[in-house]
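Residue-level listing of the chains:
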Amino acid sequence: MTDLPYNPSRGQSQMTKMVLRIVLYVLLGLFALFYLMPLFVMLTTSLKSLDEIRTGDLVSLPREVTFDAWRTAWSTACTGIQCEGVRPYFLNSLLIAIPAVMISTLMGALNGYVVAQWRFKGANIFFALMLFGCFIPFQVVLLPMARMLGIMGVAGTIPGLIFVHVIYGLGFTTLFFRNYYVSIPSELTKAAKVDGAGFFRIFWSIFLPLSLPIIVVTVIWQFTQIWNDFLFGVSFSQAGTQPVTVALNNIVNSTTGVKEYNVDMAAAIIAALPTLFVYVVAGKYFIRGLTAGSVKG
Amino acid sequence: MAPILEVKNLFKNYGSTEVLKDINVSIDEGDFLVLVGPSGCGKSTLLNCIAGLEPITGGDLFIGGQNMTNVSPKDRDIAMVFQSYALYPTMTVAKNITFGMKVRGIDQATQDAKLNQVATQLQIEPLLHRKPGQLSGGQRQRVAMGRALVRDPKLFLFDEPLSNLDAKLRVEMRTEIKALHQRLGASMVYVTHDQIEAMTLATKIVVMKGGIIQQIGTPAEIYNRPANLFVADFMGSPAMNLIPARTRMNGKGMLVEIDRKDGDPIVLTDTRNKDLPENVILGVRPEDIADAALGRAGETQEADCVIDIVEPAGADTFAVMQLGGKHVTARLHAETSASAGQSQRLTFDLGKVSYFEPETGLRLN
Ligand SMILES: Nc1ncnc2c1ncn2[C@@H]1O[C@H](COP(=O)(O)OP(=O)(O)O)[C@@H](O)[C@H]1O
Ligand SMILES: [Mg+2]
């Protein structure tokens, strides 16, 4: 190694590499800053008093940290005529999102398992149609869905919203699980059949325990979609059943007197916290490959 | 006694492609049946049909004398070892082995006893609490065997169980499977594309090609009297020499004439066969061509041949020459005097040759 002849072009290329690297980091840093700026402004504004907001600088740190705006946003801010803060709507969102995520994930897992491992006649067409469901725009289903909910007698209720989200999410969850399960060799199913296990037993004992990574992916995806949904929420809810996204909109838009930016910001952060929380808690499972060495290796 | 397994006129189509055509096989208790053939010839499909994992298009299937054609896999009293082992990845070795018993609701004490017995038999006790991901290929193979053995079924099915192992381990496991078969006296159907595995393990071989059975017989029958050119070429390593030749009768017997690259044709006299068509393919195993100088019993005929290549392989030396326009391999003694480019006097054992019809490929003698 040491007696390699000196190569001038090598030194130069290393120099170029270094410069490129610095440029890259500066650019990345700028982008990160660009993305973090709004969050920073939201956070600092939510911790300022209204006086300070009026007199101070948008990007400056709060002179005096106060959680008043958070308290107001959570429990007393007005969403139209009611003034209970976002709390009841936050609860609504949880009541909608948690069951909807669980049901759509479980059904997606079953669908994916069937399509990938129990190749029934027409499985491909079935899957193609499911996939097509992913690409139908929200707006298209609004009216038929409203009619459906009316017929089912769940219009304007939380179960109604759960139903809507489950139906709309199924295409995606099925796709996720199907793509995960097709990579599992069919010999596993065959072995279990010879061992005497049936459809549900194989799903429960063999496929579900293998599925943690894809369950996490699906849950994050579904939770984010459902929690952040506004259109279904605003279309299919009524006074007591609105999700937090709709409430947030109402708080920001109900202009009675001065605009309380700090409260708006605090409410917005509260509304965004659960999705952040899900990423932080579940994100690490994203990477885990549990199937490593499962069948061959 | 009824055969353990009987396959009658079995057909299997995937859509419009015929994968298995009119399969008829039966095996008796204790038989070790090997299905052998090139990749894609339908061996796994046939095994899956026997297991009930694939519905069959036509025909009937009996296991232990009972018609199992429409019975689900779990009720066929079979156990199967898969090519990829198909161990349940999230279960420990112990759970893998007992899963079948658990599903069938067998009590815990029996499960434990059987698990112990099988673990001892296969020497996998230290592995029982590991997951499949933490095992080597050979260990996984053992666990897969264990999962089958613990069932104690009427019929064992193996789908290329050794093909994922390295060469050395494969030979070891081959011997072990053979020992296992002898010890248990169990009936087995074993799929492989490796003709050596087939020869060493089988009590009965089925050679398949393109979804059609080419020949069924004992290893000796298959080796010595291949039914057609395909079987002759497929079974044996190095393969049987298949040499175009002409025959004609004279007073002493049948003369077999083979063209040489230079010089007159070789003329051999076969006293056992007669009245074959004029043009035939002569099939000679490499070991039936030997050094004339080193002597050899049997119905031998001598001829001089120019050797093109000499390949010493330890115990034997292979000599390659050109006869009838084909490369012909002879398995000679290690101490042969043959050398490349030189003429060598060789003996041909005409007592063991096969003749094939060139067009149809069918055996003539
Ligand atoms: N599920 C399937 N659908 C369509 N064709 C198949 C299917 N499974 C196997 N085949 C075809 O059947 C033939 C036999 O396959 P297989 O039994 O796996 O061969 P082998 O085990 O002898 O290598 C192959 O040509 C294969 O392409
Ligand atoms: Mg196969």
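Definitions and cut-offs
Residues numbered from 1 in each chain as written. Chains lettered and ligands numbered in written order. Predicted model: local features only at pLDDT ≥ 70, side-chain atom pairs only at ≥ 80, totals over all residues. Heavy atoms only, no water. 1 Å grid on protein atoms, 1.4 Å probe; cavity = no way out; pocket = protein on both sides within 12 Å on 5 of 7 lines; lining within 4 Å. Points joined across faces, edges and corners; volume = space filled by probe spheres on them. Helix = DSSP H or I, 4+ residues; strand = E, 2+ residues; numbered from the N terminus. Nonpolar A, V, L, I, M, F, W, Y, C, P; charged D, E, K, R; others polar. Expected span 1.5 Å × (residues − 1). Bend = angle between axes of the 7 residues up to and from the residue. Buried < 20%, exposed > 50% of the residue type's maximum accessible area, 1.4 Å probe, protein only. Polar contact = N/O pair within 3.5 Å; in protein donor to acceptor, adjacent residues only side chain to side chain. Core = buried A, V, L, I, M, F, W, Y, C linked by side-chain atoms within 4.5 Å. Contact = heavy atoms within 4.5 Å. Buried area = accessible area lost by both parts, 1.4 Å probe. Domains from an automatic or database assignment. Salt bridge = Lys/Arg side-chain N within 4 Å of Asp/Glu carboxyl O. Phe/Tyr/Trp six-rings, centres within 6.5 Å; stacked < 30°, edge-to-face > 60°. Near = heavy atom within 4 Å. Areas by Shrake-Rupley, 256 points an atom, 1.4 Å probe, with all protein chains shown as cover.

Turning next to empty space enclosed by the protein. Residue and element names in this part refer to chain A. Applying the stated criterion to the full structure yields three cavities of 30 Å³ or more. One number sums up the size of the largest cavity: a volume of about 100 Å³. Elements with a contribution of two residues or more to the lining of the largest cavity: α7 (158–182) and α10 (212–228). When the residues that make up the lining of the largest cavity are grouped by side-chain class, the tally is six nonpolar, four polar and one charged.

On to α7(A). For an α-helix the count is 3.6 residues per turn, leaving residues at separations of three or four pointing the same way. All names here are of chain A. Taking 1.5 Å as the rise per residue, α7 with 25 residues should run 36 Å; its terminal C-alpha atoms sit 35 Å apart, in good agreement. At L170, α7 shows its largest bend, some 45°. Counting buried residues in α7 gives 19 out of 25 residues, a clear majority hidden from the surface. The N-capping residue of α7, defined by a side-chain oxygen 3.1 Å from the backbone nitrogen of G160, is T157.

This brings us to the nonpolar core. By size, the foremost hydrophobic cluster in this structure holds 55 residues, and its most contacted members are A:Y181, A:I206, B:L5, B:L10, B:L155, B:L157 and B:V189. Considering each element in turn, this core owes the most residues, six residues, to helix α9 (residues 199–210) of chain A. Look past the residues within four positions of B:V189 in its chain and what remains in contact with it is B:L5, B:I27, B:L33, B:L35, B:L47, B:L155, B:F156, B:L157 and B:F158. Formed by 45 residues, the second largest nonpolar core is a distinct cluster that contains B:M101, B:L162, B:A202 and B:V231.

Residue and element names in this part refer to chain B. Mapped onto the secondary structure, I63 falls in strand β4 (residues 58–63). For the pair I63 and K154, spaced 91 residues apart in the sequence, the C-alpha separation amounts to 8.1 Å. When neighbours within four sequence positions are excluded, I63 is seen to be in contact with I4, L5, I50, M68, R76 and I78.

In this complex, chain A contributes 21 residues to the contact, which on the side of chain B involves 29 residues. Here chain A and chain B share an interface that buries about 2200 Å² over both sides, 60% of which is from carbon and sulfur atoms. Of all residues in chain A, the largest losses of buried area upon contact with chain B belong to A:E187, A:V194 and A:D195, amounting jointly to 31% of the total for that side. Linking chain A with chain B are seven residue pairs in polar contact (both at pLDDT 80 or more). If you list the elements that add at least two residues to the side of chain A that touches chain B, you get α8 (186–194) and α9 of chain A. Here the side of chain A that touches chain B gets seven residues from one element, more than from any other, and that element is α8(A). Tallied by class, residues from the side of chain A that touches chain B come to 10 nonpolar, five polar and six charged.

Another aspect to go through is the domain arrangement of chain B. All names here are of chain B. According to the domain assignment, chain B consists of domain 1 (5–234) and domain 2 (241–356). Between domain 1 and domain 2, the C-alpha centre-to-centre distance is 39 Å. Contacts between domain 1 and domain 2 engage nine residues on the former and six residues on the latter. Across the domain 1 to domain 2 interface the summed buried area is about 630 Å²; carbon plus sulfur atoms make up 57%. The three residues of domain 1 that bury the most area against domain 2 are Y223, L229 and A232, which together make up 69% of that side's buried surface. At the junction of domain 1 with domain 2, the criterion picks out zero salt bridges. Where domain 1 packs against domain 2, one counts two residue pairs in polar contact (both at pLDDT 80 or more). Among the residues forming the side of domain 1 that touches domain 2, the class breakdown is six nonpolar, two polar and one charged.

Turning to the packing of aromatic side chains, a few remarks are in order. Residues and elements named next belong to chain A. All chains considered together, the criterion is met by 25 aromatic pairs over all chains. Arranged with centres 5.5 Å apart and planes meeting at 20°, the rings of F223 and W227 form a pair that is stacked. Highlighted residues: F223 and W227, both in helix α10, separated by four residues, approximately one helical turn. The exposure class assigned to W227 is buried, which follows from its relative accessible area of 1%.

Residues and elements named next belong to chain B. In the vicinity of ligand 1, the contacting residues are Y14, V19, S39, G40, C41, G42, K43, S44 and T45. For ligand 1, an oxygen atom lies 2.9 Å from a polar atom in the backbone of K43. Within the complex, the protein chains bury 54% of what would otherwise be the 560 Å² of accessible surface of ligand 1. If one sorts the elements of the shell around ligand 1 by residue count, helix α1 (residues 43–51) sits on top with three residues. Here the shell around ligand 1 is composed, by residue class, of three nonpolar, five polar and one charged.

We now examine the side chain of A:S46. Residues and elements named next belong to chain A. Following the sequence through the fold, S46 ends up in helix α1 (residues 8–46). Within the structure, the side chain of S46 is placed 3.0 Å from the side chain of W70, a separation counted as a polar contact. Filtering out sequence-adjacent residues up to four positions away, S46 remains in contact with T66, A69, W70, N262, M265, A266 and I269.

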